[in-house]
Amino acid sequence: MNEGYYKVAFSFLTLLIKMTKQIEQALKQQNFDLATALYLEWYESSPLDFNIEGSEPSRVKATHIANAANLARRAGFNELQFVKDISPRLGEMVKVLFGLAQPSFSNPLQRPNFIYIPELTSKPFYDIQECEGLKSWIQRLQPFKDELLDIGKVSKSKYVEEFENLPNLEEWNKLRDEWLSTHLIKGGEHSEVFKSLSEPLREVLERAPLAHCPPHAPEMFVSVLDPGAYIPPHYGISNCKLTVHIPLKVTKHASLKAGDEIFKWENEQSAMIFDDSFLHSAKNESDEVRIVLIFDIWHPDLSSLEKEGLAKFMTKFAVWNNGVGKLANLDAQLRRK
């Protein structure tokens, strides 16, 4: 190895010693915000220092990993607990999210993988009358179903690729080519396809009763499920929203199971509304594609203040998650040892 390599290594080691001393000093002074910022700087400059896969960490390294994760969760909780002043159940939501309380699920088949708000009505399916403004909006959409159906017929995007951390199982891998989609709205932004729609249809879609949770929602897309396709059981991310399916091309052999209930398309239903925080799956047992328009609406139990609070919460969470939130789960590897 040449002299330059040793100079770089020595410089990095000197910086590391300096940073650990700064962290220790900040913790001693109970300046937790500074310690958190220093850990993030360290992690972003040398993430391998926080990786213990395939090795037994030293006591010092394990302590730093645990400290970084605990401080990150502390920062997130402090930043997001403002919702407790909106309603007690939103305050409980934040405690559960950061591991300060255990969720008390109303149904054993309900397990959202992100946030859970207690005391909301808990059932797999909802009637259209329970969702304010939805029935009248769907009636306004009826004349434009053929235009939306035409979009479904040329859909090419693989919707499975929208999921994160999917298991590498044959069922999911097979589904990649059997579940196609075209986004109209994604992350609250109108797609190029949306912009190409007729002006009357755009006006109707812009008035949809969507759940606005920036930066990731609202989302609206045309979903196409091939004949014989099966979407394996999975959970959604939260119980604060309900998922709406508007039929564009369906048969009685296309169904969706949520919890222990099954919905089949028959009797000219104008919509299917379900809580995707329940374990749910779908299948198309017909010889024709199933095409529906999908979007999310707020859970009808939420107040206007809670909806506003959740939108603000989601924005702040995204900022935290892209910053010090990167450290929040580092100690999970310690628990696996």
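Residues numbered from 1 in each chain as written. Predicted model: local features only at pLDDT ≥ 70, side-chain atom pairs only at ≥ 80, totals over all residues. Heavy atoms only, no water.

**Description of the pairing of strand S11 (residues 280-284)**
Under the convention used in this document: When a residue's accessible area, from a 1.4 Å probe over protein chains only, is under 20% of the maximum for its type it is buried; when over 50% it is exposed; and in between it is partly exposed. Runs of H or I in DSSP of at least four residues are treated as helices and runs of E of at least two as strands, each being numbered from the N terminus. For two strands to be treated as a pair, DSSP must find at least two bridges joining them.
Burial runs high along S11: four of the five residues are buried. In this sheet, S11 lies alongside strand S6 (residues 230-234) in antiparallel orientation, the contact comprising three bridges. Directly across from His-234, in S11, lies its bridge partner His-280. Bridge count between strand S8 (residues 254-258) and S11: five bridges; the pairing is antiparallel. Note on S11: the bridge partner recorded for Lys-257 is Ser-281.

**Observations concerning the packing of aromatic side chains**
Under the convention used in this document: Only Phe, Tyr and Trp rings are paired, with Trp represented by its six-membered ring, and only when their centres lie within 6.5 Å; those with planes under 30 degrees apart are stacked, over 60 edge-to-face, the remainder tilted.
By the definition in use, this model includes 19 aromatic pairs. Ring geometry for Phe-125 against Phe-274: centres 6.4 Å apart, planes inclined by 45°, an arrangement best described as tilted. Here Phe-125, found in strand S1 (residues 125-126), pairs with Phe-274, found in strand S10 (residues 272-274); they are 149 residues apart in sequence, far enough to count as distant. Relative to Trp-179, the ring of Phe-163 has its centre 5.9 Å away and its plane inclined at 55°; by these criteria the two rings are tilted. Pair noted here: Phe-163 is in the loop between strand S2 (157-158) and helix H7 (170-175) and Trp-179 is in strand S3 (residues 179-186), with a separation of 16 residues, a long-range link.

**Quick notes on the layout of surface pockets**
Convention followed: Note on definitions: the grid is 1 Å and covers protein atoms alone; a cavity is a set of points where a 1.4 Å probe fits but cannot get out; a pocket is an open set with protein on both sides within 12 Å along at least five of seven lines; lining residues have an atom within 4 Å of a point. Grid points are joined across faces, edges and corners, and a volume is the space filled by probe spheres set on the points. Throughout this entry, Asp, Glu, Lys and Arg are counted as charged residues, while Ala, Val, Leu, Ile, Met, Phe, Trp, Tyr, Cys and Pro are counted as nonpolar. The remaining residues, Gly among them, count as polar.
Its volume calculated, the second largest pocket comes out at about 200 Å³. Taken together, Cys-131, Glu-132, Pro-209, Leu-210, Ile-297, Trp-298, His-299, Pro-300, Leu-302 and Lys-307 make up the lining of the second largest pocket. Residues of the lining of the second largest pocket, tallied by class, amount to seven nonpolar, one polar and two charged.

**A closer look at empty space enclosed by the protein**
The full count for this structure, using the stated rule, is one cavity of 30 Å³ or more. Each pocket or cavity is described by its volume, and for the largest cavity that value is around 40 Å³. Leu-225, Ala-254, Ser-255, Leu-256, Trp-265, Met-272, Ala-282, Lys-283 and Arg-290 together form the lining of the largest cavity. Broken down by element, the residue count for the lining of the largest cavity peaks at three residues, all from S8. Residues that form the lining of the largest cavity fall into these classes: six nonpolar, one polar and two charged.

**So, the side chain of Arg-89**
To keep things clear, this is the line we draw: Pairs of N or O atoms within 3.5 Å make up the polar contacts considered here, provided that, within protein, one atom can donate a hydrogen while the other can accept it, and that residues adjacent in sequence are counted only when both atoms are side-chain atoms. What makes two residues a contact is simply this: any of their non-hydrogen atoms within 4.5 Å.
Inspection of the secondary structure assignment puts Arg-89 in helix H4 (residues 88-97). A polar contact of 2.7 Å, which involves the side chain of Arg-89, links it to the side chain of Glu-306. Beyond its immediate stretch of four places on either side in the chain, Arg-89 contacts Ile-117, Pro-118, Glu-119, Leu-120, Asp-301, Leu-302 and Glu-306.

**So, the confidence of the model for the chain**
As a reminder of what qualifies: A residue's pLDDT is the predictor's confidence in that residue, given on a scale from 0 to 100.
On average, residues of the chain score 92 in pLDDT, and 95% of them are at 70 or above. Below a pLDDT of 50 lies the segment residues 5-12, which in the model reaches three contacts outside its immediate sequence neighbourhood of four places, other chains included.

**Comments concerning the pattern of salt bridges**
Short version of the rule: A pairing counts as a salt bridge when a side-chain nitrogen of Lys or Arg comes within 4 Å of a carboxyl oxygen of Asp or Glu.
Taken as a whole and assessed by the stated rule, the structure comprises 15 salt bridges. Where Lys-326 meets Glu-44, a salt bridge forms, and the shortest distance between an N and an O atom there is 2.8 Å. Residue Lys-326 is located in the loop between helix H10 (304-322) and helix H11 (332-335), and its partner Glu-44 is located in helix H2 (residues 32-45); the two are separated by 282 residues in the primary sequence. For Lys-174, the salt bridge goes to Glu-178, with nearest N and O atoms at 2.6 Å. Its relative accessible area of 16% is what places Glu-178 among the buried residues. A network of salt bridges, in which partner residues are shared, links Arg-73, Asp-331 and Arg-335.

**What about the pairing of strand S5 (residues 220-225)?**
With six of its six residues buried, S5 lies for the most part within the structure. Along S5, one buried face is formed by Met-220, Val-222 and Val-224 and the opposite face, lined by Phe-221, Ser-223 and Leu-225, is buried too. The pairing of S3 with S5 spans six bridges and is antiparallel. The residue of S5 that forms the bridge with Ser-181 is Ser-223. Relative to strand S12 (residues 290-298), S5 is paired through six bridges, and the arrangement is antiparallel. By the bridge assignment for S12, Val-222 is matched with Leu-293.

**Here's the deal with the nonpolar core**
Side chains that are nonpolar tend, in soluble globular proteins, to be buried together. In plain terms, the rule: Buried Ala, Val, Leu, Ile, Met, Phe, Trp, Tyr and Cys residues that are joined via side-chain atoms within 4.5 Å together make up what is termed a nonpolar core.
Judged by nonpolar contacts, the single largest core of 40 residues is most densely connected at Tyr-39, Met-93, Val-94, Ile-117, Cys-240, Leu-310 and Phe-313. Those elements that place two or more of their residues in this core are helix H1 (3-28), H2, helix H3 (59-80), H4 and H10. The element contributing the most residues to this core is H3, with seven residues. Not counting chain neighbours up to four residues away, the residues in contact with Ile-117 comprise Arg-89, Leu-90, Met-93, Asn-239, Cys-240, Leu-302 and Leu-310.

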